[in-house]
Amino acid sequence: RVAASRAPARGAMSVIKDEEAAKFWSTVPLEGGKIDAESFGALLNAFCDDAGHSTSPLATAVGKYVIGEESPVDASKFNAFLVRFGPLKVCMSKGAGCLEPSGRPHAWWFGSVERKAFSAALKAAGAAGAFLVRCSSHEDKLVLSYNGSDKVKNNLVDNVGERGWCINISKKPYFFASIADLVASQRAAGRLTRACTS
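### Regarding the overall build of the protein
Right, so step 1: Counting secondary structure elements, the protein contains seven helices and six strands.
Right, so step 2: Taken from the N to the C terminus, the helices and strands of the protein come in the order α-α-α-α-α-β-α-β-β-β-β-β-α.
Right, so step 3: What you see for the protein is a C-alpha radius of gyration of 17 Å, in line with the 16 Å of a compact globule of 198 residues.
Right, so step 4: Viewed in the frame of its principal axes, the protein has a C-alpha envelope of about 55 × 30 × 30 Å.

Dropping the structure here:
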């Protein structure tokens, strides 16, 4: 798609590339180019509901822990969320896959984390099968990182839009509707044992 135009007064740090999302962003009440993450999650969920897209009862938590990562949301964070969890019509339900039913992040969800921090968490966990899920440096992917029998393993998890997520294991693709489903499957297969904690 062609990048949607933005008004300079919006203070956006990046262009929202999805046309429908750009229209939504233009209606968001910003203060200094940002909005509280929980409020943003609620607004985005209401917009998705009005548009007939998937929604989440955990909207404010998706805003807080997945989109904003406990800080205010700006255009750059919203765009990164759309690329990683989109398209817009499924982003709220896909983002909710990183959360427990209570709205707290799963212990294994690390989001955008520095290499030093996730490496330390895996090292502290020690045992083979200890794992976490984090954002990749590839903007449209997540990473399942876990302790193998002899080294840390990192499997890229591709955002495949409305199909959900895809991970390649032994060169064979496996598709999952949510990140939580992917984790449950890998636990059942014995690759993962316990979640690391941050």
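### Description of helix α2 (residues 37-50)
Right, so step 1: Taking 1.5 Å of rise per residue, 14 residues should cover 20 Å, and α2 covers 20 Å from first to last C-alpha, within 8% of that figure.
Right, so step 2: Ala-37, Phe-40, Gly-41, Leu-44, Asn-45 and Cys-48 are the residues of α2 that are buried. The buried residues of α2 occupy an angular sector of 135 degrees when the element is viewed end-on, so they sit on one face. Exposed residues lying more than 90 degrees from the buried face of α2 are Asp-49 and Asp-50.
Right, so step 3: In this structure, the buried side of α2 is in contact with α1 (19-25), α3 (59-67), α4 (75-85) and α5 (88-96).
Right, so step 4: N-cap assignment for α2: the residue whose side-chain oxygen lies 3.2 Å from the backbone N of Glu-38 is Asp-36.
Right, so step 5: Just past α2, the residue Gly-52 takes up positive phi, approximately 80 degrees.

### Re the pairing of strand β2 (residues 131-135)
Right, so step 1: Counting buried residues in β2 gives five out of five residues, a clear majority hidden from the surface.
Right, so step 2: The pairing of strand β1 (residues 109-111) with β2 spans two bridges and is parallel. For Trp-109, the partnering residue across the bridge sits in β2 and is Val-133.
Right, so step 3: Crossover β1 to β2 through helix α6 (residues 115-125) is right-handed.

### Side note on the sheet that holds β2
Right, so step 1: An order of β1-β2-β3-β4-β5-β6 is seen for the six strands of this open sheet, with the pairing classed as mixed. At either end of the open sheet lies a strand with only one pairing partner, and these are β1 and β6 (172-176). Taking the axes of each pair of neighbouring strands and ignoring which way they run, one obtains an average angle of 30 degrees across the sheet.
Right, so step 2: One ladder, built from five bridges, connects β2 with strand β3 (residues 141-147); its direction is antiparallel. Residue pairing across strands places Arg-134 opposite Val-143, the latter belonging to β3.

About the thresholds
Note that residues are indexed from 1 along each chain, following the sequence as it is written. Only residues with pLDDT of at least 70 are given local features in this predicted model, and only at 80 or more are side-chain atom pairs given and counted; all residues enter the totals for whole chains, interfaces and linings. Calculation of side-chain values draws on the structure's entire complement of heavy atoms; hydrogens and water are dropped beforehand. Helix and strand definitions here come from DSSP, where helices need a minimum of 4 consecutive H or I residues and strands a minimum of 2 consecutive E residues; each element is numbered from the N-terminal end. Based on C-alpha atoms, the radius of gyration is set beside the globule rule, defined as 2.2 Å times the residue count to the power 0.38. In this analysis, the expected span of each helix is defined as 1.5 Å times one less than the number of residues it contains. Between buried and exposed lies partly exposed: a residue is buried under 20% and exposed over 50% of the maximum accessible area for its type, with that area taken using a 1.4 Å probe on protein chains only. Throughout, the arc means the angular range of directions from the helix axis out to the C-beta atoms. Between two residues, a contact is recorded if the distance between any of their heavy atoms is within 4.5 Å. Side-chain atoms alone can form a polar contact between residues adjacent in sequence; in general such a contact is a pair of N or O atoms within 3.5 Å, and within protein one must be able to donate a hydrogen while the other accepts it. Strand pairing is defined by DSSP finding a minimum of two bridges between the two strands. With strands facing away from the observer, any crossover in which the path from the first strand over the helix to the second runs clockwise is taken as right-handed. Here, axes are lines fitted to C-alpha atoms. For helices the fit covers the stretch in contact, and angles between N-to-C directions go from 0 to 180 degrees.

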